[in-house]
Amino acid sequence: MAKEKKIKAYAADVSEKALAIAKENAKANETEVEFIKSDMFDSIDDKYDIIVSNPPFFNNGVLPPATSRMNARHTVTLTYDQLLAKSKSLLADSGKIAIVSPADYADVILEACGDNKLYVSKMVKVFPVDRKPAKRILWEIMSVGVTTTQSSIVIRNHKNEFTEEYRELCKDFYLEF
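Residues numbered from 1 in each chain as written. Predicted model: local features only at pLDDT ≥ 70, side-chain atom pairs only at ≥ 80, totals over all residues. Heavy atoms only, no water.

### Some words on a negative patch on the surface
As a reminder, the rule being used: Exposure above 30% relative accessible area and the absence of a salt bridge qualify a residue for a patch, where like charges join within 9 Å and nonpolar side chains (Val, Leu, Ile, Met, Phe, Trp, Tyr) within 5 Å. Per-residue and other accessible areas were derived by the Shrake-Rupley procedure at a 1.4 Å probe size, with only the shown protein chains allowed to occlude residues. Definition used for salt bridges: Asp or Glu carboxyl oxygen within 4 Å of a side-chain nitrogen of Lys or Arg. Counting rule for charge: Lys and Arg are taken as positive, Asp and Glu as negative, and neither His nor the chain ends is counted. The atom standing in for a charge is NZ when the residue is Lys, CZ when it is Arg, CG when it is Asp and CD when it is Glu. For helices the rule is a DSSP run of H or I covering at least 4 residues; for strands it is a run of E covering at least 2, with both sets numbered from the N terminus onward. The cut-offs for exposure are 20% and 50% of the maximum accessible area for each residue type, with area from a 1.4 Å probe on protein chains only; residues under the lower value are buried, those over the upper are exposed, and the others partly exposed.
A cluster of like negative charges, contributed by Asp81, Asp107, Glu111 and Asp115, occupies part of the molecular surface. Counting residues per element, the negative patch draws most heavily on helix α5 (residues 106–115), which supplies three residues. Mapped onto the elements, aspartate 115 comes out in helix α5. Take aspartate 115: its relative accessible area is 53%, and that puts it in the exposed class.

Pasting the structure below:
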């Protein structure tokens with residue numbers, strides 16, 4: 001996206017390994033990105049038009065022994081409320097926050113939005129296979145009141161083939177399907 005739209009992109013992570021992989025991806029895609037090593041938001045204080053996050057999902061179960069894996073996958077050090085509160089403080093006027101969450105965390109996200117005076121502008125339920133429950137929700141959240149649009153996408157059909165809708169959505173990210 002940064003390559004085509006001539007935007008300034010930043011990527012932040014606490015993990016050196018994650019940043020190294022992201023740098024390889026940016027180079028392979030000929031995209032200019034400024035990389036920031038930051039524990040959560042410690043080293044970030046600018047204002048942004050859009051903040052995209054794939055935050056840790058898990059808040060139960062057995063924690064992995066490796067701290068880096070635990071922090072990447074579990075909500076031990078970053079709750080949705082903390083993520084949204086800090087993201088809001090970093091948003092430019094009419095900026096957007098885009099996150100992904102497990103579908104069964106919808107109430108947690110909505111409560112965190114309410115607590116932080118944030119508004120859901122888009123909510124997309126992601127179904128891995130048709131006729132099965134949604135597994136993820138894609139959220140677009142803003143600090144200004146808006147009408148929420150809801151939609152859904154199915155990744156695979158009953159024959160386990162990618163749906164046309166999913167192919168269209170992801171075509172720019174795959175060399176071939």
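From this point, the discussion proceeds with the structure in view.
### So, helix α4 (residues 80–90)
Formally: Directions are taken from the helix axis to each C-beta atom, and the arc is the one they span. Any two residues whose heavy atoms approach within 4.5 Å at even a single point are treated as in contact.
Of the residues making up α4, those classed as buried are Tyr80, Leu83, Leu84, Ser87 and Leu90. Down the axis of α4, the smallest arc covering the buried residues is 125°, so these residues share one side. For α4, the elements touching its buried residues are β3 (48–53), β4 (91–102), α5 and β6 (136–142).

### Re the packing of aromatic side chains
As a reminder, the rule being used: Each Phe, Tyr or Trp ring (for Trp, its six-membered ring) is paired with any other whose centre lies within 6.5 Å, and the angle between the two planes then decides the class: stacked below 30 degrees, edge-to-face above 60, tilted in between. The rule is short: NZ of Lys or CZ of Arg within 6 Å of the ring centre and within 35 degrees of the ring normal puts a charge over the ring.
What the rule picks out here adds up to three aromatic pairs. Measuring from ring centre to ring centre gives 5.8 Å for tyrosine 80 and tyrosine 105, while their planes differ by 80°; the resulting arrangement is edge-to-face. Pair noted here: tyrosine 80 is in helix α4 and tyrosine 105 is in the loop between β4 and α5, with a separation of 25 residues, a long-range link. The residues tyrosine 80 and tyrosine 105 share a single accessibility class, namely buried. Taken together, a centroid distance of 5.2 Å and an interplanar angle of 25° make the contact between phenylalanine 162 and tyrosine 166 stacked. Note on phenylalanine 162: relative accessible area 22%, which makes it partly exposed. Judged by relative accessible area, tyrosine 166 falls into the buried class, the value being 14%. For arginine 156, the ring lying beneath its charged end belongs to phenylalanine 162, and the centroid distance is 4.0 Å.

Without other data, these values stay purely geometric and don't point to any function.
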